[in-house]
Amino acid sequence: MTTTSPQPVLPRTVPSGASGAPGGRARWARVAGWAMPVVAFIIGVWGNTRPSAWTDEIVTIDVARRSWPELIDLLGRVDAVHGLHYILMYLVGQANGSLNEFTARVPSALAVAVAVAGLVWLGRLLGGPRLGPGAGLLLAVLPTASRYAQEARSFAFVMAVAVLATGALVKALAGRDGPAGRPRKRWLAGYAVLVALLGWFNVLGLLLVPAHAVTVLLRRPGRPAVVRLLAAQAAGVAAVVPLLVLGSAQSSAVGEAAPVTAGTPVNYFTWLLTPGQDTLPTALRLLLTLTALAALAVLVARRRAAPPSALAVGVPWLAVPPLLLMAVSLGHPLFAYRYLLFCLPALALLLAAAVAVVPPRRRLVLPLLAAVPLAASHVAIRQEDSRQWDTRAVIRTLRIHDAPGDAVLFSGARCGLIATAFKEAFTNRPDLGRARTAAGLGALDNLPADPALLRDRLDRTSRVWHVTCTHLSSGAREAAARTTEAQERVLSRAGFSPAFHHSARGVDITLEQRAGAGPSVRAAGARRDPAPVPVPVPVQAPARAPGGGDG
């Protein structure tokens, strides 16, 4: 009886030299493949100290600076889903002796470099020596990759593991052990481990597993291979079950998610190309989006000329996770674009495949159209105020205008962590609004002082810098508004009134000064008189009550 052989996911990779390619060209392809992760790392660390650390990064720095018992206590109470990343950052801090914005972000740049190296490898498996370096280069230069190479969170690590897991899947489907045609056991074992690691870095990374299942269905490797792959996936997911159980009990730690609308798929695609942070002009963003869509349209039109394995891997990887997350978010809001960063390599892979099928004479058109938007986006994401909180403005304002004996008072969820994450900048500036530290509570936020304690502390100072964080979720905004109102009542009753005010992205900074006491803002270092321009110089703030200090 004759049996039909199942369709493999891809042919065995043939060395470039064996296919007739000149030796010099093959060597150049190998050098280019090694160069891509280096390029990605250089771009990732370029200007990584310019953007101001924002909420989530401040949490990472604060948590990583805690003692080991305090860290374990936290993970048993809240945010266990980010526990692997916190532990990694704790180890980085221990090895480096301290943790700051630069050292907290460098591991993410390394993770992006690993993702690029993995994509070069994967592209070669799927489409030969040209597709790999091309895909790796595209991932390295995409602004969204650089944006998260400069983010002290776990998303770049999820992306790197997703690329490696996809490569392991492809090798497991392509390899054979013995006459029975079984996938290579070592790649199956590696795939299971990587799936587990994916979930431990971020449970939403497991949305890649259904995408892999679609890839397997498209390539039809045969029932035995499918069974073994499903078993490897199940083993990997099972290893994440303890985290899923613990994380579900800590669901209150999940922040507010964006609502899913009809425009979400388009916004997702645009976000993959450039996060923008509202700083990239609409015309440039539209040009970049249309260029990418045109490239994908060419790929669809000339799909017979493209490597079928690249399409079978790339299309589900790009489309299935966001569709599943959007569907889940209709009932339980979870959707946030950063959770889907691990889909970015799929876009780079497909765009590289599209460039490969474009006629040689027209190949330069696509990169030329994209060059200006990409460059503008890279500049935009490296601005100080390109993140949700401009904490650098807070530190700079205090450094320029403070006086001996000044204190600080924070309002807004996790706003007080600015002082604990950047202890050096707040030395000798006591936080009057903190009753207990987040580390002491085993929590992600400080315990605020009650009005009686705050009033008692105000008696010991004549100037207070009131820092209000404004970029918050709706629920956090309501709580912050109540806290701010209570603090202002205590300040007013203690004889304080606004003497200086400055607003930056996500933060408001107000100097509260007791009438007739302490040096004025000018004496503390203001460089010129108040002026009605949006720069960080002293301006008169609306007083809550008669009286009130210098302008």
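Residues numbered from 1 in each chain as written. Predicted model: local features only at pLDDT ≥ 70, side-chain atom pairs only at ≥ 80, totals over all residues. Heavy atoms only, no water.

> An account of the pattern of salt bridges is requested, with residue identities and associated values reported.
Tallied over the entire structure, the rule returns 12 salt bridges. A salt bridge links R66 to D62; its shortest N-O distance comes to 2.7 Å. The residues R66 and D62 share a single accessibility class, namely buried. (Salt bridge = Lys/Arg side-chain N within 4 Å of Asp/Glu carboxyl O. Buried < 20%, exposed > 50% of the residue type's maximum accessible area, 1.4 Å probe, protein only.)

> Residues and numbers for the pairing of strand β4 (residues 463–469), please.
For β4, a buried count of 7 out of 7 residues is recorded, marking the element as mostly surrounded by other parts of the structure. Every second residue of β4 is oriented toward a common face, with R463, W465, V467 and C469 on one face and V464, H466 and T468 on the other, all of them buried. As paired elements, β4 and strand β6 (residues 507–514) share 7 bridges and run antiparallel to each other. Within β6, the residue paired with V464 across the bridge is E512. (Helix = DSSP H or I, 4+ residues; strand = E, 2+ residues; numbered from the N terminus. Pairing = 2+ DSSP bridges.)

> Tell me about the side chain of S52, and please be specific about residues and values.
Within the element layout of this structure, S52 appears in the loop between α1 (23–45) and α2 (55–64). Within the structure, S52 has its side chain in polar contact with the backbone nitrogen of R392 (distance 2.8 Å). With residues near it in sequence (within four places) discarded, S52 still touches E57, E101, R105, E384, R387, W389, D390, T391 and R392. (Polar contact = N/O pair within 3.5 Å; in protein donor to acceptor, adjacent residues only side chain to side chain. Contact = heavy atoms within 4.5 Å.)

> Could you give an account of the nonpolar core, naming the residues involved and the relevant values?
The tendency in soluble globular proteins is for nonpolar side chains to be buried as a group. L139, L299, W317 and F342 are the most contacted members of the largest nonpolar core, which totals 98 residues. No other element matches the 15 residues that helix α8 (residues 155–174) contributes to this core. Once residues lying within four places of it in the same chain are set aside, the contact partners of L139 are A115, V116, L119, A145, M159, L344, P345 and A348. With 46 residues, the next largest nonpolar core counts A53, V59, W389 and V467 among its residues. (Core = buried A, V, L, I, M, F, W, Y, C linked by side-chain atoms within 4.5 Å.)

> Tell me about unusual backbone geometry, and name the residues and values.
At D79, a position not held by glycine, the phi torsion is positive, near 60 degrees. Within the secondary structure layout, D79 lies in the loop between α3 (68–77) and α4 (83–96). We note that R220 has phi near 45 degrees; this positive angle belongs to a residue other than glycine. Mapped onto the secondary structure, R220 falls in the loop between α10 (208–219) and α11 (223–238).

> So, the packing of aromatic side chains: which residues are in play, and what are the values?
Scanning the model with the defined rule gives 10 aromatic pairs in all. On the numbers, 5.4 Å between centres and 50 degrees between planes, the contact of W68 with Y90 is tilted. Here Y90 lies in helix α4 and W68 lies in helix α3, a separation of 22 residues in the sequence. Aromatic pair Y148 and F155: ring centres 6.1 Å apart, planes at 85 degrees, arrangement edge-to-face. Taking relative accessible area as the criterion, Y148 reaches 5% and is therefore assigned buried. Seen from the ring of Y148, R147 lies directly overhead, with NZ or CZ sitting 4.8 Å from the centre. Here the guanidinium or amino end of R338 rests over the ring plane of Y339, the centre of that ring lying 5.3 Å away. (Phe/Tyr/Trp six-rings, centres within 6.5 Å; stacked < 30°, edge-to-face > 60°. Lys NZ or Arg CZ within 6 Å of the ring centre and 35° of its normal.)

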